[in-house]
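# Residue-level structure breakdown
Letter by letter, the chains look like this.
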Amino acid sequence: MSEKPKTLVLGASGLIGLPVVKALADAGLPVRAGYRRRPVNIAGADPVIIDAQTGAGLREAVEGMDQIFLLIGDLPDQTEAELRVLDAARTAGVSHIVKLSTWGAESEEFSIARVHRPVERAIEQSGMSHTFLRPNCFMQNFYTYYRDMIAYTGTVRLPCDDAIVSFIDAQDIAAVAARVLVDTSLRGRAYDLSGPEGLTYDQAAALLVTPHGQPVRYVNITDEECRAEMIAAGLAPVYAEALIELCRYYRTGAASGVTSSVEDITGRRAGSFSRFAADHASTWQ
């Protein structure tokens, strides 16, 4: 591999991909920023359009790359899209893949895990050098997936009971990814990534504010209520079921673990939920 490995970052316009591209470009490393719809304009980065769902632009994007940061957003056929990237990477002679996976992927106990684990398995069997990043639930989900719920009701309604989850800031995931892409000693492992503490949804929600400046309330509901409410809000049944499966997984306690991986890799402690809440206190303005 060259002294300065050439890196293709997929999902480069997103919450994690964008800071990864910026970190690599700021370090003077050759980086290609793959995006689907939202253009990426970062000095030092080479933007390319890729549609992993159809394969459009993929062969040209991987050509000449030494490593890939594999991040594909929610797609109905996400597993197939990621396997398509893997095939193109192998054909192009890419030597290393860093895959963004999910906490608990190895269990395959819920639908999101079953999206990621087949890709992990294919990468393992490919003979390519690889690193898996398995983050827990993003703190940002409260202001993305649950944004409208909070805005209109002041609540987060989920069937999580008093399950403890070690929520992680997406910015910490990006920092880990950027470090793993430049430090070859970190390769060949799967890293479980968490925040510094475990919280119930009730505790986490109470740290956030509504558009009116009031604390957000967590309302525990049944699986059936959740399914009906999500579908009524326009969510496709398959995604509603995926959310319910995830909540069931949380209720087993399997997402409560706290790891030191963020600090071990980046040299700084993972950000707390209270810091995230303070940083996003003006999100409604």
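Everything discussed here concerns the structure shown above.
Here goes a summary of the coordinates provided. Bear in mind the structure is a predicted one, so any value in this text is a computation, not a measurement. (Residues numbered from 1 in each chain as written. Predicted model: local features only at pLDDT ≥ 70, side-chain atom pairs only at ≥ 80, totals over all residues. Heavy atoms only, no water.)

## A few points about the packing of helix H3 (residues 78-92) against helix H4 (residues 111-126)
Running from N to C, H3 and H4 cross one another at 15°; their axes reach a closest spacing of 9 Å. In terms of orientation, H3 lies roughly parallel with respect to H4. Taken as a pair, H3 and H4 cross one another with a handedness that is right-handed. Note on element contacts: H4 touches H3 through Arg114, Val115, His116, Pro118, Val119, Ala122, Ile123 and Ser126, opposite Gln78, Thr79, Glu82, Leu83, Leu86 and Arg90. Considering only residue class, the contact of H3 with H4 consists of seven nonpolar, four polar and three charged. (Axes fitted to C-alpha atoms, helices over the stretch in contact; angles between N-to-C directions. Helix = DSSP H or I, 4+ residues; strand = E, 2+ residues; numbered from the N terminus. Parallel < 35°, antiparallel > 145°, perpendicular 65-115°, else oblique. Left-handed = near helix turned anticlockwise from the far one by under 90°. Contact = heavy atoms within 4.5 Å. Nonpolar A, V, L, I, M, F, W, Y, C, P; charged D, E, K, R; others polar.)

## Quick word on the nonpolar core
Counting 37 residues, the largest nonpolar core has Phe142, Tyr146, Leu158, Phe167, Tyr201, Tyr250 and Phe273 as the members making the most contacts within it. Among the elements of the structure, helix H5 (147-153), strand E7 (155-158), helix H7 (201-206), helix H8 (223-232), helix H9 (237-251) and helix H11 (273-279) are those that each provide at least two residues to this core. The dominant element in this core, judged by the number of residues it contributes, is H9, at seven residues. Look past the residues within four positions of Tyr250 in its chain and what remains in contact with it is Asn136, Cys137, Cys160, Ala163, Val165, Tyr201 and Ala255. (Core = buried A, V, L, I, M, F, W, Y, C linked by side-chain atoms within 4.5 Å. Buried < 20%, exposed > 50% of the residue type's maximum accessible area, 1.4 Å probe, protein only.)

## Remarks on the packing of aromatic side chains
Here the structure, examined in full by the defined rule, presents 13 aromatic pairs. An angle of 35° between the planes, with centres 6.2 Å apart, marks the rings of Tyr143 and Phe276 as tilted. Of the two residues, Tyr143 is situated in the loop between strand E6 (129-135) and H5 and Phe276 in helix H11; the sequence distance between them amounts to 133 residues. Classification of Phe276 as buried rests on a relative accessible area of 0%. Between Tyr143 and Trp284, the ring centres sit 5.8 Å apart and the planes meet at 85°, which makes this aromatic pair edge-to-face. With Tyr143 in the loop between E6 and H5 and Trp284 in the segment after H11, this residue pair connects regions lying 141 residues apart in the sequence. An aromatic cluster of at least three residues, connected via ring pairs, comprises Phe110, Phe142, Tyr143, Tyr146, Phe167, Tyr201, Tyr218, Tyr249, Tyr250, Phe273, Phe276 and Trp284. (Phe/Tyr/Trp six-rings, centres within 6.5 Å; stacked < 30°, edge-to-face > 60°.)

## Some points on a nonpolar patch on the surface
Together, Leu235, Val238 and Tyr239 make up a nonpolar patch on the protein surface, roughly 260 Å² of accessible area in all. Positionally, Val238 belongs in helix H9. Judged by relative accessible area, which is 60%, Val238 ranks as exposed. (Patch = residues over 30% accessible without salt bridge, like charges linked within 9 Å, V, L, I, M, F, W, Y side chains within 5 Å. Areas by Shrake-Rupley, 256 points an atom, 1.4 Å probe, with all protein chains shown as cover. Salt bridge = Lys/Arg side-chain N within 4 Å of Asp/Glu carboxyl O.)

## As for the packing of helix H1 (residues 17-26) against helix H6 (residues 170-180)
Running from amino to carboxyl end, H1 crosses H6 at an angle of 40°, the nearest separation of the two axes being 9 Å. Classified by the angle their axes make, H1 and H6 are oblique. For the pair H1 and H6, the crossing hand works out as right-handed. Residues Pro19, Val20, Ala23 and Leu24 of H1 form the contact with H6, whose participating residues are Gln171, Ala174, Ala177 and Ala178. When grouped by side-chain class, the residues that make up the contact of H1 with H6 number seven nonpolar, one polar and no charged.

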